[in-house]
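Now for the letters of each chain:
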Amino acid sequence: GLQLYSVRELLPKDFDGTLRKVRAAGYTEVEAAGYYDKTAAEFRKAMDGAGLRCVSTHHPLAVLQPRLDELIEYGHRLGLEYMICSSSTRRDPAAKGPLNLDDWHWVAGEFNRIGEKVKAAGMTFGVHNHTPEFGSEGGVLFYDELLRLTDPKLVFFEMDCGWVAAAGRNPVEYLSKTPERFPLLHVKDMVRGVNGQMHSAVMGRGVVDYRPILRAATGLKHYFIEQEEFDMDPIEALRLDAEYMRKLDV
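Not measured: the values here are computed from a predicted model.

J.: Tell me what's going on with the overall build of the protein, and back it up with residues and numbers.
T.: Of the regular secondary structure elements, the protein holds nine helices and twelve strands. Across its three principal directions, the C-alpha atoms of the protein cover 50 × 40 × 35 Å. A total of 250 residues make up the protein; the buried ones form 50% of that total. For the protein, the accessible surface area stands at approximately 11600 Å², while carbon and sulfur atoms represent 49% of it. Positive and negative side-chain charges in the protein, numbering 31 and 37 respectively, have mean positions lying 3 Å apart.

J.: Go over the pattern of salt bridges with me, naming the residues and quoting the values.
T.: The full count for this structure, using the stated rule, is 14 salt bridges. A salt bridge links Glu110 to Arg113; the nearest nitrogen and oxygen atoms lie 2.9 Å apart. Taken as a pair, Glu110 and Arg113 lie in helix α4 (residues 101-120) at a separation of three residues, close to a single helical turn. Glu110 gets classed as buried once you look at its relative accessible area, which sits at 14%. Asp160 is the salt-bridge partner of Lys188, the closest N and O atoms lying 2.6 Å from each other. Here the residue Lys188 occupies a position in the loop between β9 (184-187) and β10 (189-192), and Asp160 occupies one in strand β8 (residues 155-160), the gap between them amounting to 28 residues. Asp160 matches Lys188 in its accessibility class, with the two residues each being buried. Among the ionic contacts, a cluster of salt bridges with common partners joins Asp160, Lys188, Glu226 and Glu228.

J.: For the packing of aromatic side chains, give the residues involved together with the corresponding values.
T.: Per the stated rule, a full pass over the model turns up eleven aromatic pairs. Ring geometry for Phe134 versus Tyr143: centroids 4.6 Å apart, planes at 35°, classification tilted. Neither residue differs from the other here; Phe134 and Tyr143 are each classed as buried. With 6.1 Å between their ring centres and 70° between their planes, Phe134 and Tyr174 make a pair best called edge-to-face. Here the residue Phe134 occupies a position in the loop between β5 (124-128) and β6 (136-137), and Tyr174 occupies one in helix α7 (residues 171-177), the gap between them amounting to 40 residues. Like Tyr174, Phe134 is buried. Sitting over the face of the ring of Tyr5, Arg8 holds its NZ or CZ atom 4.0 Å from the ring centroid. The side chain of Lys38 reaches across the aromatic face of Phe15, ending 4.7 Å from its centre.

J.: Give me the lowdown on the layout of surface pockets, citing residues and values where you can.
T.: Counted as a void, the largest pocket has a volume near 200 Å³. Lining the largest pocket are 16 residues, with Tyr5, His58, Ser86, His130 and Glu226 positioned closest to its centre.

J.: Any details on the packing of helix α2 (residues 40-50) against helix α3 (residues 61-78)? Residues and values, ideally.
T.: For the pair α2 and α3, the least separation of the axes is 9 Å and the interaxial angle reads 35°. Read as a crossing pair, α2 and α3 show a hand that is right-handed. Taken together, the residues of α3 that come into contact with α2 (itself represented by Ala40, Phe43 and Arg44) are Tyr74, Arg77 and Leu78. Residues belonging to the contact of α2 with α3 are distributed by class as follows: four nonpolar, no polar and two charged.

J.: Outline the packing of helix α1 (residues 15-24) against α2, supporting the account with residue identities and numerical values.
T.: Between α1 and α2, the least distance of the axes is 8 Å, while the angle of their chain directions is 40°. Considering their axes alone, α1 and α2 lie oblique with respect to each other. As for how α1 packs across α2, the hand of that crossing is right-handed. On the side of α1, the interface is formed by Phe15, Asp16, Leu19, Arg20 and Arg23, while α2 contributes Phe43, Ala46, Met47 and Ala50.

Cut-offs applied
Residues numbered from 1 in each chain as written. Predicted model: local features only at pLDDT ≥ 70, side-chain atom pairs only at ≥ 80, totals over all residues. Heavy atoms only, no water. Helix = DSSP H or I, 4+ residues; strand = E, 2+ residues; numbered from the N terminus. Buried < 20%, exposed > 50% of the residue type's maximum accessible area, 1.4 Å probe, protein only. Areas by Shrake-Rupley, 256 points an atom, 1.4 Å probe, with all protein chains shown as cover. Lys, Arg positive; Asp, Glu negative; His and termini not counted. Charge placed at Lys NZ, Arg CZ, Asp CG, Glu CD. Salt bridge = Lys/Arg side-chain N within 4 Å of Asp/Glu carboxyl O. Phe/Tyr/Trp six-rings, centres within 6.5 Å; stacked < 30°, edge-to-face > 60°. Lys NZ or Arg CZ within 6 Å of the ring centre and 35° of its normal. 1 Å grid on protein atoms, 1.4 Å probe; cavity = no way out; pocket = protein on both sides within 12 Å on 5 of 7 lines; lining within 4 Å. Points joined across faces, edges and corners; volume = space filled by probe spheres on them. Axes fitted to C-alpha atoms, helices over the stretch in contact; angles between N-to-C directions. Left-handed = near helix turned anticlockwise from the far one by under 90°. Contact = heavy atoms within 4.5 Å. Nonpolar A, V, L, I, M, F, W, Y, C, P; charged D, E, K, R; others polar. Parallel < 35°, antiparallel > 145°, perpendicular 65-115°, else oblique.

Take a look at the structure:
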């Protein structure tokens, strides 16, 4: 599948046409990242017309909290299997700086609460990571706390392997311990830029080796390729990504 954030600049210009190009590039499933002011019926019609199936969606915690019932209903109409929290927020919205340990403990409680409602609605709730989740305080790693404090029956995890690698961690470490908690993956390759920062790249041209990752991901149900930056035509890059993954010998 493809995380549609990859084509976030193309969709507003030509929604239906971009989806058809995604399908032609080799994708059959997608994960939404925003609904582009479309009703659920309009969004689903566009997916059907392109020959795509939307199985999952992303929403930040700050959006899920006030609009959960509305988004669950939208998800039902769209036929989603998964609703994913794309990014977390501090307990005090006015607070500045990165989340601290108390914030992450509060976030874990929110995830359990949201997960219970999403499960009751017949879908699965999951958590997506960037790099802040791999920060620590007092020797306690935040991601480990999220895994420890969330109910496995209510909260699953969508590991973004590229950002795990960018944080200096190995996805295999987590996947091999509790593979059942990771039914979804984000698959992206990363390269280190001249500024020292990690950047998204075409699959196979970066530093992330997906062979051991996919071997360890024995609980995997769906994976979504995501490329956030491009140095060539985006659709061509995404075609190369899909081709790389199809040929990957695991």
